[in-house]
Amino acid sequence: MVLSGIAHLRSPLVRSLALAAALSGAGVITPDTTQAAEPLAPPGAPATAFPKPDRPVAEIVAPLWASESQRDSVDEVGQVMRLMGIAPGQSVGDIGAGSGYYTVRMAERVGPQGQVYAEDVTPRYLAGLETRIAKGALTNVTVVRGEPHDPRLPAGSLDAAVLVHMYHEIAQPFGLLHNLGPMMKLGGKVGIVDADDVPARHGTPPKLLACELAAAGYRQTGFSVLEGGVGYLAIFAAPRPEDRPDPASIRPCRDETTRAGRR
């Protein structure tokens, strides 16, 4: 069944081994090479300006958490785009784009008048993204090399941004969220897709996620459990400039779920 297969691949070790074989065969992942992607904006606030999160940080083990065919079978990207209201002509950031699974599907959604920024920090993922975009002749996609705490995208460039199954891998979430804020247009939406589990098992408890986003000035506007066992989508309104807290004032949120050992 699709659901059991998706749940099975949530295991980091199984996911890493299975997907490395599958994706290398599909030509999505290429060996580490010099890649052309560059940052598109000056650096924002440094990671050292922010407190460390009170939670484990998961290791980056693969650019996909389940196969594309499995995810397509439950229309994962379609669900997310509809819930976020992503429409033709919009500019969207795929933060931590990995293999480009969301990137290519959002590029079709926003159309030739829209724009997708496929951002990542891992050299081999960036090389794979550039290969995939070139093969698909996707002229409305730009691959961007960011930093772990800073996407390095142009100011005021995004109607929406998605962070898919990678929030738990962000070592400095407060820095990333702070630096992402100015990249959003007024009224811009940030959507986070993740599993309802502890970070050590590649998920983020929704209550902890909401707390960390609120600490960075974001306001939650929606929450949906996605159909097909692919996790949840939490939607947040990006803060206005006057609502962005000073980095020194941010206080980490307690990861009570991990502490209590309830998962």
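First things first, this report covers the structure right here in the doc. Computed from a predicted structure; not experimentally measured.

1. A few points about the packing of aromatic side chains
The geometry of an aromatic ring pair is captured by two quantities: the separation of the ring centres and the angle between the planes.
Okay, so step 1: If you walk through the whole model with that rule in mind, you get two aromatic pairs.
Okay, so step 2: Ring geometry for tyrosine 101 against tyrosine 102: centres 5.7 Å apart, planes inclined by 75°, an arrangement best described as edge-to-face. The same class applies to tyrosine 101 and to tyrosine 102, which are both buried.

2. A closer look at the nonpolar core
Okay, so step 1: Core analysis: the biggest nonpolar cluster contains 30 residues, and Val80, Met84, Ile86, Tyr102 and Met106 have the highest contact counts within it.
Okay, so step 2: It is helix H5 (residues 101-110) that contributes the most residues to this core, six residues altogether.
Okay, so step 3: When residues no more than four places from it in sequence are discounted, the contact partners of valine 80 are Tyr102, Val162, Val193, Leu226 and Leu233.
Okay, so step 4: Listed in part, the 25 residues of the second largest apolar core include Tyr117, Ile170, Met183 and Tyr218.

3. Description of the sheet that holds strand S7 (residues 232-237)
In a beta sheet, neighbouring strands are held together by backbone hydrogen bonds and run either parallel or antiparallel to one another.
Okay, so step 1: Strand order in the open sheet formed by seven strands is S3-S2-S1-S4-S5-S7-S6, with mixed pairing between adjacent strands. Each edge of the open sheet is held by one strand with a lone partner, namely strand S3 (141-145) and strand S6 (219-225). Sheet twist, expressed as the average angle between the axes of neighbouring strands with direction ignored, equals 20°.
Okay, so step 2: The pairing of strand S5 (residues 184-194) with S7 spans six bridges and is classified as antiparallel. Counterpart to lysine 189 in the pairing with S7 is alanine 237.
Okay, so step 3: Helix H7 (residues 173-180) rests against strand S1 (91-95), strand S4 (158-164) and S5 of the sheet, and its axis sits at about 160° to S4.

4. A look at helix H4 (residues 76-84)
Counting along an α-helix, one turn takes 3.6 residues, and residues three or four places apart therefore face a common direction.
Okay, so step 1: The buried fraction of H4 amounts to seven of the nine residues, a majority that puts the element mostly inside the structure.
Okay, so step 2: Of all the residues in H4, the buried ones are Glu76, Val77, Gly78, Gln79, Val80, Met81 and Met84.
Okay, so step 3: Close packing links the buried residues of H4 with helix H3 (68-73), H5, S4, S5 and S7.
Okay, so step 4: In the segment just after H4, glycine 85 is the residue with positive phi, at about 70°.

5. Description of the state of the cysteines
Okay, so step 1: Taken as a whole and judged by the stated rule, the model has one disulfide.
Okay, so step 2: With its sulfur 2.2 Å from that of its partner, cysteine 211 forms a disulfide with cysteine 253. Residues cysteine 211 and cysteine 253 are joined by a disulfide whose S-S torsion is about -90°; by sign, that bridge is left-handed. Note that cysteine 211 is positioned in helix H8 (residues 206-215) and cysteine 253 in the loop between S7 and helix H9 (256-260), a separation of 42 residues in sequence.
Okay, so step 3: The exposure class of cysteine 211 is partly exposed, given its relative accessible area of 35%.

6. A word on the pairing of S4
Okay, so step 1: Judged by how many residues are buried, S4 sits mostly within the fold: six of seven residues are covered.
Okay, so step 2: Of the pairings in the sheet, the one linking S1 to S4 comprises four bridges and is parallel in character. The residue of S4 that forms the bridge with isoleucine 95 is leucine 163.
Okay, so step 3: One ladder, built from six bridges, connects S4 with S5; its direction is parallel. Paired with alanine 161 across the strands is valine 190, a residue of S5.
Okay, so step 4: Each parallel crossover has a hand, and the one from S4 via H7 to S5 is right-handed.

7. Section: H8
Okay, so step 1: When we look at burial in H8, the residues that qualify are Leu208, Leu209, Glu212 and Leu213. The buried residues of H8 all sit within an arc of 130° when viewed along its axis, so they share a single face.
Okay, so step 2: Check the buried side of H8 and you find it contacts H7, S5 and S7.

Reading guide: rules and limits
Residues numbered from 1 in each chain as written. Predicted model: local features only at pLDDT ≥ 70, side-chain atom pairs only at ≥ 80, totals over all residues. Heavy atoms only, no water. Phe/Tyr/Trp six-rings, centres within 6.5 Å; stacked < 30°, edge-to-face > 60°. Buried < 20%, exposed > 50% of the residue type's maximum accessible area, 1.4 Å probe, protein only. Core = buried A, V, L, I, M, F, W, Y, C linked by side-chain atoms within 4.5 Å. Helix = DSSP H or I, 4+ residues; strand = E, 2+ residues; numbered from the N terminus. Contact = heavy atoms within 4.5 Å. Pairing = 2+ DSSP bridges. Axes fitted to C-alpha atoms, helices over the stretch in contact; angles between N-to-C directions. Disulfide = S-S within 2.5 Å. Right-handed = clockwise from strand over helix to strand, strands pointing away. Arc of directions from axis to C-beta.

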